[in-house]
Every structure is written in structure tokens, then in C-alpha cells.
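Listed below are the residues making up each chain.
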Amino acid sequence: MERKYANYVIEDNIATVTLNNPPVNALGIEVVRELDQVFEEIKVNDSIRVVILTGVGKAFVAGANMKAFLTFDRKAGEQYALEVTDMQRKIDEFDVPVIAAVNGYALGGGCELAMSCDI
């Protein structure tokens, strides 16, 4: 399934998950949801032995989409925080090793995302 922000390819038992939200792969709610969906999909594939998580461009993930925060009320902010935490927990507890291929900036939530990976 082709997504707008998070896609993956599987080759030689390696799933490479790529975030693509230019210019700095900010973690907007749509990005978080797509990344969560990707990990749900690949966890049922028994042929995968390792996952590599990376971002396109000059940033791995430069954190949350701060512009979106301006539109959040309390409930939306809490929902965002819960979805980010659930997605990171899913990566942290993933059945095969997850490698963060940090190819540039990893700030704020991007650093947290990298830390949820095994390597």
C-alpha cells in the first residue's frame, strides 16, 4: 500500500522503512499514524529479520510538527501524545531488531524515535 509519508520495501529479509515528509520529516499526526500502520503491517511478515528506519533528505526526523501544535486544543494534544507514545512503544517492543539509520537531524521527537529503536 502506497502512503504519503511512510513507506517500506522488503528485500533479502530486510524491511527498510522510509519517512518522507519534507523538508525535515516532522512528526505530524498523519506521519505518526502511517508509521504505526507500517509497523503493524510488517510485524505479521515472518520473513523479516531486521527493520531499518530512516528518513529522506537531510533529516532523520527533526521532531514534532510545531505548526500543528498551534491548532491543538487540550484533547487534540493529549491524543497526539498518546499516538506518538503508542507508535514508539510498538517500535521499542518490535519482535525483530529495528535499526535507526540516522541520516541527519534527529531532534526532539526524532531523537525519541531513534531511541525507541534497538540500534
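Since the model is a prediction, treat every value here as computed from it, not as a measurement.

Trainee: Honestly, the sheet that holds strand β1 (residues 6-11) in this entry has me stumped. Any pointers?
Mentor: Pairing between the strands of a sheet comes from backbone hydrogen bonds, and it takes one of two forms, parallel or antiparallel. Taken in spatial order, the four strands make up an open sheet running β1-β2-β3-β5, and their pairing is mixed. With partners counted over all chains shown, the strands left at the sheet margins are β1 and β5 (98-100), one partner each. Each adjacent strand pair in this sheet contributes to an overall mean axis angle of 20°, direction not counted. Two strands pair when backbone bridges link them, and strand β3 (residues 50-55) and β5 are joined in this way by three bridges, in the parallel orientation. Bridging from a neighbouring strand, V51 pairs with V98 of β5.

Trainee: What is the right way to read the packing of helix α3 (residues 74-92) against helix α4 (residues 109-116) from this model?
Mentor: Helix-helix packing is described using two parameters, namely the angle between the two axes and the distance between the axes. At a minimum axis separation of 8 Å, α3 and α4 run at an interaxial angle of 30°. For the element pair α3 / α4, the angle class is roughly parallel. Across the interface between the two elements, M87, Q88, I91 and D92 of α3 pack against G109, E112, L113 and S116 of α4.

Trainee: Sorry, what's going on with α3 here?
Mentor: The α-helix advances 3.6 residues per turn, and as a result positions three or four apart in sequence lie on the same side. When the terminal C-alpha atoms of α3 are compared, their 27 Å separation across 19 residues agrees well with the 27 Å that a helix rising 1.5 Å per residue should span. Considered for burial, the residues of α3 that qualify are Y80, E83, V84, M87, Q88, K90 and I91. Along the axis of α3, the buried residues cluster in a sector spanning 155°; they form a single face. The outward face of α3, more than 90 degrees from its buried face, is lined by the exposed residues R74, K75 and L82. In this structure, the buried side of α3 is in contact with α1 (29-43), β3, α2 (66-69), β5 and α4. The distance from a side-chain oxygen at the start of α3 to the backbone nitrogen of K75 is 3.2 Å, and the residue carrying that oxygen is D73.

Trainee: Can you help me understand α4 in this one?
Mentor: Taken together, the buried positions of α4 are occupied by G109, G110, L113, A114 and S116. With its buried residues spanning 160° around the axis, α4 presents them on a single face.

Trainee: I would appreciate a short explanation of the pairing of β1 in the present structure.
Mentor: Regular strands show a simple pattern: their side chains alternate between the two faces of the sheet. Across six bridges, the pairing between β1 and strand β2 (residues 14-19) is antiparallel. Each bridged residue has a counterpart across the sheet, and for A6 the counterpart in β2 is L19. The antiparallel hairpin formed by β1 and β2 contains two residues in its connecting segment, where D12 sits at a positive phi of about 55°.

Trainee: Would you explain the nonpolar core in this entry?
Mentor: Grouped together as the largest cluster of nonpolar side chains are 29 residues, with contacts concentrated most on L35, F39, I42, V51, L53, I91 and L113. Those elements that place two or more of their residues in this core are β2, α1, β3, β4 (59-61), α3, β5 and α4. Once residues lying within four places of it in the same chain are set aside, the contact partners of L35 are A6, V17, L19, L53, M87, I91 and L113.

Trainee: I tried to follow the environment of K4 on my own but got confused; where do I start?
Mentor: Tracing the chain through its elements places K4 in the segment before β1. The spatial distance from the C-alpha of K4 to the C-alpha of L19 is 9.1 Å, given a sequence separation of 15 residues. Residue contacts for K4: discarding those within four places in its chain leaves N20 and E34. In terms of polar contacts, K4 uses its side chain to reach the side chain of Y5, at 3.4 Å.

Calculation notes
- Residues numbered from 1 in each chain as written.
- Predicted model: local features only at pLDDT ≥ 70, side-chain atom pairs only at ≥ 80, totals over all residues.
- Heavy atoms only, no water.
- Pairing = 2+ DSSP bridges.
- Helix = DSSP H or I, 4+ residues; strand = E, 2+ residues; numbered from the N terminus.
- Axes fitted to C-alpha atoms, helices over the stretch in contact; angles between N-to-C directions.
- Parallel < 35°, antiparallel > 145°, perpendicular 65-115°, else oblique.
- Contact = heavy atoms within 4.5 Å.
- Expected span 1.5 Å × (residues − 1).
- Buried < 20%, exposed > 50% of the residue type's maximum accessible area, 1.4 Å probe, protein only.
- Arc of directions from axis to C-beta.
- Polar contact = N/O pair within 3.5 Å; in protein donor to acceptor, adjacent residues only side chain to side chain.
- Core = buried A, V, L, I, M, F, W, Y, C linked by side-chain atoms within 4.5 Å.

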